[in-house]
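Residue strings, one per chain:
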Amino acid sequence: MWDRLLIDCNIATMDPAVPAPFGAIENGAIGIADGRIVRVGRRTELAGNRAREVVKLDGAWVTPGLIDCHTHLVFGGNRSAEFEQRLEGASYEEIARAGGGIVFTVRATRAASAERLAEAARPRLEALMRGGVTTVEIKSGYGLDTDSECAMLRAAARLGAEHPVRVSPTLLALHALPPEYRDRREDYLHLVLDEMIPTVAEAGLADAVDAFCEGIGFTPDEVRALFECASSHHLRVKLHAEQLSNLNGAALAAEYDALSADHLEHADEAGIEAMAHAGMVAVLLPGAFYALSETKKPPVELLRKHKVPMAVATDCNPGTSPVLSPTLMLNMACTLFRLTPEEALAGMTRNAAKALALEDEIGTIAPGKAADLCVWNVERPAELSYWIGHPGPVRRIVAGVDA
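Fair warning: this is a prediction, and the values are worked out from it, not measured in the lab.

## What about the overall build of the protein chain?
What the protein chain contains, in helices and strands, is 16 helices and 16 strands. In summary, the protein chain has a C-alpha radius of gyration of 21 Å against a globular reference of 22 Å for 403 residues, a match within 12%. Considered along the principal axes of its C-alpha atoms, the protein chain spans approximately 70 × 40 × 40 Å. Counting all 403 residues of the protein chain, 60% fall into the buried class. Counting contacts in the protein chain only where the partners sit at least 6 residues apart, residues at least 24 apart contribute 72% of the total. Summed over its atoms, the accessible surface of the protein chain is roughly 15,800 Å², and 50% of this surface lies on carbon and sulfur atoms.

## Observations regarding the environment of Val 136
By secondary structure assignment, the location of Val 136 is in strand 6 (residues 133-139). Between the alpha carbons of Val 136 and Leu 125 there is a distance of 8.6 Å; along the sequence they are 11 residues apart. Excluding anything up to four places from it in sequence, Val 136 contacts Asp 68, Thr 71, Leu 125, Leu 128, Val 165, Arg 166, Val 167 and Ser 168.

## Looking at helix 10 (residues 269-278)
Turning to helix 10, its buried residues number three or more, namely Gly 271, Ile 272, Ala 274 and Met 275. Projected down its long axis, helix 10 carries its buried residues within an arc of 160°, all on one side. On its buried face, helix 10 sits against helix 9 (249-255), strand 11 (260-263), strand 12 (281-284) and helix 12 (300-305). Within two residues after helix 10, Gly 279 carries a phi angle of roughly 70°, on the positive side.

## Considerations on the pattern of salt bridges
Going through the model one piece at a time under the given rule, you end up with 23 salt bridges. Linking Glu 255 and Arg 224 is a salt bridge whose minimum nitrogen-to-oxygen distance equals 2.8 Å. Residue Glu 255 is located in helix 9, and its partner Arg 224 is located in helix 8 (residues 220-232); the two are separated by 31 residues in the primary sequence. Here the salt bridges share partners, and the residues they tie into one network are Glu 115, Glu 119, Arg 122, Arg 158 and Glu 162.

## Side note on unusual backbone geometry
Located in the positive-phi region is Glu 242, a residue other than glycine, with phi close to 55°. Here Glu 242 shows up in the loop between strand 10 (239-241) and helix 9. When its relative accessible area of 1% is taken as the criterion, Glu 242 is described as buried. The phi dihedral of Lys 307 is positive, around 60°, even though this residue is not glycine. Along the polypeptide, Lys 307 turns up in the loop between helix 12 and strand 13 (310-312). Under the relative-accessibility criterion, Lys 307 is labelled exposed at 71%.

Conventions and cut-offs
- Residues numbered from 1 in each chain as written.
- Predicted model: local features only at pLDDT ≥ 70, side-chain atom pairs only at ≥ 80, totals over all residues.
- Heavy atoms only, no water.
- Helix = DSSP H or I, 4+ residues; strand = E, 2+ residues; numbered from the N terminus.
- Rg over C-alpha atoms; globule rule 2.2 N^0.38 Å.
- Buried < 20%, exposed > 50% of the residue type's maximum accessible area, 1.4 Å probe, protein only.
- Contact = heavy atoms within 4.5 Å.
- Areas by Shrake-Rupley, 256 points an atom, 1.4 Å probe, with all protein chains shown as cover.
- Arc of directions from axis to C-beta.
- Salt bridge = Lys/Arg side-chain N within 4 Å of Asp/Glu carboxyl O.

Next up, the structure:
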């Protein structure tokens, strides 16, 4: 006896083993028990199986729940004033060097408790959930001291505990240099290596460690030291790489078997090859590309050539990607970066799961996976990318239960 049987639906399994675009099964059915998918196939193949609840979906399409694998969802304050400054001609780098940007958010974040940070982030999380997100990665990186970074990660954990959504927390340990360390870079690096990472690892507050490898961020040597430390504490790594320039961050991340390199507008073929050999994911962030009015696009053709999986995420953050619509990112991935609708949806399901090391748990509709699903009132799955900011699913299911 299954818990639920979803019938009268079309299924975009996103499973490469299903030989059809989107891994589609038309006139399908999905059996669910104990929060997991037990069987998926054509409705006739599941006929005769009993369930406590049979749900008719009236021909709707079912996809895996969307996975937002790169966000900065927890922060204090907002930076709408910088939006105005950029419209008046100021660049991201100019704002950052003048004490704005990340450092502006640091002041507001440090002034807030974990409880206040969670409350401020709640509407943002709920917006993503309404858009179909069932799993979200949440980075720290706006505290820039051990107590504040831990408060951010605890806020992320609280959001996951209080909402029907899976949260994957990341310690963004090297995001910006705190003002008090402006002339003491080495001292700040030692704080991160000797205190911050051990504290976070011991408390189990993060699944991975991240950094911003860029001219206005941190050098490859500093990132290397961070990755060595993270690895010694059994934490996976990922990297903001090649967003504004090419510092060979993608290749550096590949040396440490990173989960992903993110942004990648300035990545070259050597970096992409290194990512392919390491089995990494390229996380594309069209919201930041759009908000910053960038013109240099990620090398999508190189990623295809070397068969690097491409994920798509909102990069929700207060300064450079104030995005709360996952389906808008599907559209932008297609219109700005020329992904196909199938590639875009894979980028927010199957490949996003891999970017979080959760590919055995979520990301496709297959037996044994968690029953995290979205039901969409569309005629074709390509509509999720076609509509500019589709309002979201008509039904969102987390661990087999409507959420």
